Amino acid sequence: MEIKLGCGCGQKYKFDVEPLNGRMPFPVACPVCGVDGTETANYYLAQQFPNPPPPIPVALRARAVAAAEPPPVEESAEIAPAIEIGPRFCKFHPATPARYLCNKCSRTFCDLCINVTPMGDKPMRTCRGCGVEVVPVQFRQAPAKSFHSKLPGAFVYPFQGAGIIILVCATIAFSALSFLSGGIFAIFTKIFLYGFIFLFMQNIIQTTTSNEKESLGFPDRGGFFGAAFQLAGTVVASFWLALGLEIAKFEDVPIPPEAMIAAVIAGGIYFPMALLAVAMKDDVMAANPLVVIPAMLKAPLNYSIAAVLTLLVFGIRQAGSIISSGAGSVSLHTRSEQVFLVSVGIQAALALLSVYLLCVTMRILGLFYNSSKKELGWYNF
């Protein structure tokens, strides 16, 4: 049979194989970067052969080998991977099954996302973020929970771990946008902040799809200006009709209010899936209708729930922005210290609410992807 694989470096390759007990009879590697793809191939074979012959338990196999003859030194030093129930995809490559676990940060990685240091006959594999040694792990699929049963936890997610501190820091960055005026410096600063916001949202989505138990955190990479471009491209791809009508209205073309409302609603329905596609594929071209519309039709029930909750959250956020603008105007023109403090407090509370709702929305999109990944088929090679 023919197997097609995708490597973390972006290379795709294929080969013919006759599976042995539902697994690879020989190792395979990426022809470009040389990363071992045997476990990834075994994962996809497991989808084709869900019930292979049961392997001999490790304890019985060890007794049989010990009774026959002493094992070679190299094999006795090798540690069999532990088996855990939970996530089985790399933190940074959602299509690649995880092979290693860092016990310090509790993140899982593929071969491409760890540091390998030669240490005699056996290299040391360490986490790039923590620097501690990772352990080989084979993940087994956990009993699946429905999308609906996971939704209440999305509203608690921002408060887990160091989430409150991260919420406050993100709120400060989010609030900085309203204090920036015109000028070249303000433009570049806004682009930087919007890029940070997109990376923040993307990190929540990718973290959720990799490990639902991982708490809220800041993005691990830079590229803020490229991320701002991805966010802008996603907005344009979703609301191009509403933007076009707005431009036409600016040119004194009569536009019925109903048409503008319908265009905004259509863009709002399209936007969550477009954002999810761009965040998962890390490519603004994923926001095109050829990717987004089929995905919306493949999981209509769960997506309708995710889209309604997303629109509701952004609607609350928009109402908060209107109230915040009014409070900001009062704080700039009042001479009363008490009124000024109350106005600033309202602005800060609404900014914190906006960031919280943003985290909840991205968490919901990540949970939606986890429940519908087979239907979407974005990473089926």
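Per chain, residues are indexed from 1 in the order of the written sequence. Since the coordinates come from a predicted model, pLDDT governs what is reported: local features require at least 70, and pairs of side-chain atoms require 80 or more to be given and counted, while whole-chain, interface and lining totals use all residues. Side-chain measures here rest on the full set of heavy atoms in the structure, leaving out hydrogens and waters.

Participant: What am I meant to see in the overall build of the protein chain here?
Facilitator: Along the protein chain, the regular secondary structure elements total 11 helices and 8 strands. Each residue is assigned to one of three classes by its accessible area relative to the maximum for its type, calculated with a 1.4 Å probe on protein chains only: buried under 20%, partly exposed between the two thresholds, exposed over 50%. Counting across all 381 residues of the protein chain, residues that qualify as buried make up 40%. Strands are runs of DSSP state E lasting at least two residues, helices are runs of H or I lasting at least four, and both sets are numbered from the N terminus onward.

Participant: Looking at this structure, how should I read unusual backbone geometry?
Facilitator: In terms of backbone geometry, most residues other than glycine have negative phi values and most peptide bonds are trans. The phi angle at D252 is positive, at roughly 70°, despite the residue not being glycine. Non-glycine residue D282 carries a positive phi angle of around 55°. Within the fold, D282 resides in the loop between α8 (257-281) and α9 (289-298). For D282, a relative accessible area of 37% corresponds to the partly exposed category.

Participant: In this structure, what is going on with the packing of helix α6 (residues 184-210) against helix α7 (residues 224-250)? I would like to understand it.
Facilitator: When two helices pack together, their arrangement is given by the angle between their axes and by how far apart the axes lie. Working convention: axes come from line fits to C-alpha atoms, limited for helices to the stretch in contact. Angles between N-to-C directions cover 0 to 180 degrees. Contact pair α6 / α7: the axes reach a minimum separation of 7 Å and the direction vectors enclose 75°. Considering their axes alone, α6 and α7 lie roughly perpendicular with respect to each other. Counted together, F188, I191, F192, Y194, G195, F196, F198, L199 and M201 of α6 and F224, F225, A227, A228, Q230 and L231 of α7 form the full contact between these two elements. By residue class, the composition of the contact of α6 with α7 is 13 nonpolar, 2 polar and no charged. By definition in this entry, angles of less than 35 degrees are roughly parallel, angles greater than 145 are roughly antiparallel, angles of 65 to 115 are roughly perpendicular, and the rest are oblique. Any two residues whose heavy atoms approach within 4.5 Å are treated as being in contact. Each residue gets one of three labels, nonpolar for Ala, Val, Leu, Ile, Met, Phe, Trp, Tyr, Cys and Pro, charged for Asp, Glu, Lys and Arg, and polar for the others, Gly among them.

Participant: Explain the packing of aromatic side chains here, please?
Facilitator: Any pair of aromatic rings gets described here by the distance separating the centres and the angle formed by the planes. We call Phe, Tyr and Trp rings a pair once their centres come within 6.5 Å, taking the six-membered ring for Trp, and we label the pair stacked below 30 degrees between planes, edge-to-face above 60, and tilted otherwise. Under the criterion given, the structure shown has 11 aromatic pairs. Between F147 and F368, the ring centres sit 6.2 Å apart and the planes meet at 75°, which makes this aromatic pair edge-to-face. Of this pair, F147 sits in helix α4 (residues 147-154) while F368 is found in helix α11 (residues 337-376), placing the two residues 221 residues apart along the sequence. On the accessibility criterion, F147 (2% relative accessible area) is buried. A relative accessible area of 0% places F368 in the buried class. Through pairs of rings, three or more aromatic residues link up here, namely F192, F196, F200, F218 and F224.

Participant: How do you make sense of the environment of G34 when you look at a structure like this?
Facilitator: Relative to the elements of secondary structure, G34 occurs in the loop between β2 (12-16) and α1 (38-48). The spatial distance from the C-alpha of G34 to the C-alpha of L112 is 9.8 Å, given a sequence separation of 78 residues.

Participant: Please clarify how a nonpolar patch on the surface should be interpreted in this entry.
Facilitator: A cluster of nonpolar side chains, namely I184, I187, F188, F192 and F225, defines an oily patch on the protein surface of about 520 Å² accessible area. Among the elements that line the nonpolar patch, the one with the most residues is α6, at 4 residues. Structurally, F225 is set in helix α7. Judged by its relative accessible area of 45%, F225 falls in the partly exposed class. Like charges within 9 Å and nonpolar side chains (Val, Leu, Ile, Met, Phe, Trp, Tyr) within 5 Å are joined into patches, using only residues over 30% in relative accessible area that form no salt bridge. Using a 1.4 Å probe, accessible areas were evaluated by the Shrake-Rupley method; residue-level cover was limited to the displayed protein chains. A pairing counts as a salt bridge when a side-chain nitrogen of Lys or Arg comes within 4 Å of a carboxyl oxygen of Asp or Glu.

Participant: Honestly, α8 in this entry has me stumped. Any pointers?
Facilitator: Since the α-helix packs 3.6 residues into each turn, any two residues three or four apart lie on the same face. Taking 1.5 Å per residue, 25 residues should reach 36 Å; α8 reaches 36 Å between its end C-alpha atoms and fits that length. Just downstream of α8 lies D282, where phi reads positive at about 55°. One less than the number of residues in a helix, times 1.5 Å, gives the span that helix is expected to have.

Participant: How do you make sense of the nonpolar core when you look at a structure like this?
Facilitator: Buried together is how nonpolar side chains tend to be arranged in soluble globular proteins. In terms of nonpolar packing, the biggest core is built from 53 residues, with M201, L216, M273, L276, F368 and W378 touching the most fellow members. Those elements that place two or more of their residues in this core are α4, α5 (163-176), α6, α7, α8, α9, α10 (300-333) and α11. It is α11 that contributes the most residues to this core, 13 residues altogether. Apart from residues lying up to four places away in sequence, F368 is in contact with F147, M273, L276, A299, N302, Y303, A306 and L376. Counting residues in hydrophobic clusters, the runner-up holds 13 residues, among them F15, V17, V28 and Y43. As used here, the term nonpolar core means buried Ala, Val, Leu, Ile, Met, Phe, Trp, Tyr and Cys residues forming a set that is joined through side-chain atoms within 4.5 Å.

Participant: What's the story with the packing of α6 against α8 in this structure? I'm lost.
Facilitator: Where α6 contacts α8, the axes come no closer than 9 Å and their chain directions differ by 80°. Taken as axis vectors, α6 and α8 run roughly perpendicular relative to one another. Of the residues in α8, those in contact with F198, M201, Q202, I205, Q206 and T209 of α6 are L275, L276, V278, A279 and M280.

Participant: Looking at this structure, how should I read the side chain of T38?
Facilitator: Among the secondary structure elements, T38 is positioned in helix α1. On the accessibility criterion, T38 (13% relative accessible area) is buried. Other than its neighbours up to four places away in sequence, T38 contacts M24, F26, P27 and V28.

Participant: Just to check I follow, could you spell out the pattern of salt bridges for this structure?
Facilitator: Pairing is possible between side chains of opposite charge, provided their charged atoms come close. Taken as a whole and assessed by the stated rule, the structure comprises 3 salt bridges. Taking the shortest distance from any N to any O, the salt bridge between R99 and D111 comes out at 2.9 Å. A residue pair is termed long-range when its members are at least 10 positions apart, and R99 in the loop between β3 (82-85) and β4 (100-101) and D111 in the loop between β5 (108-109) and β6 (114-117) qualify at 12 residues. Between E214 and R107 there is a salt bridge; the shortest N-O distance is 2.7 Å. Taken together, the residues E214 in the loop between α6 and α7 and R107 in the loop between β4 and β5 connect sequence positions 107 residues apart. Of the two residues, E214 and R107, neither departs from the other in class, the shared state being buried.

Everything listed here is a matter of geometry and, on its own, says nothing about what the molecule does.
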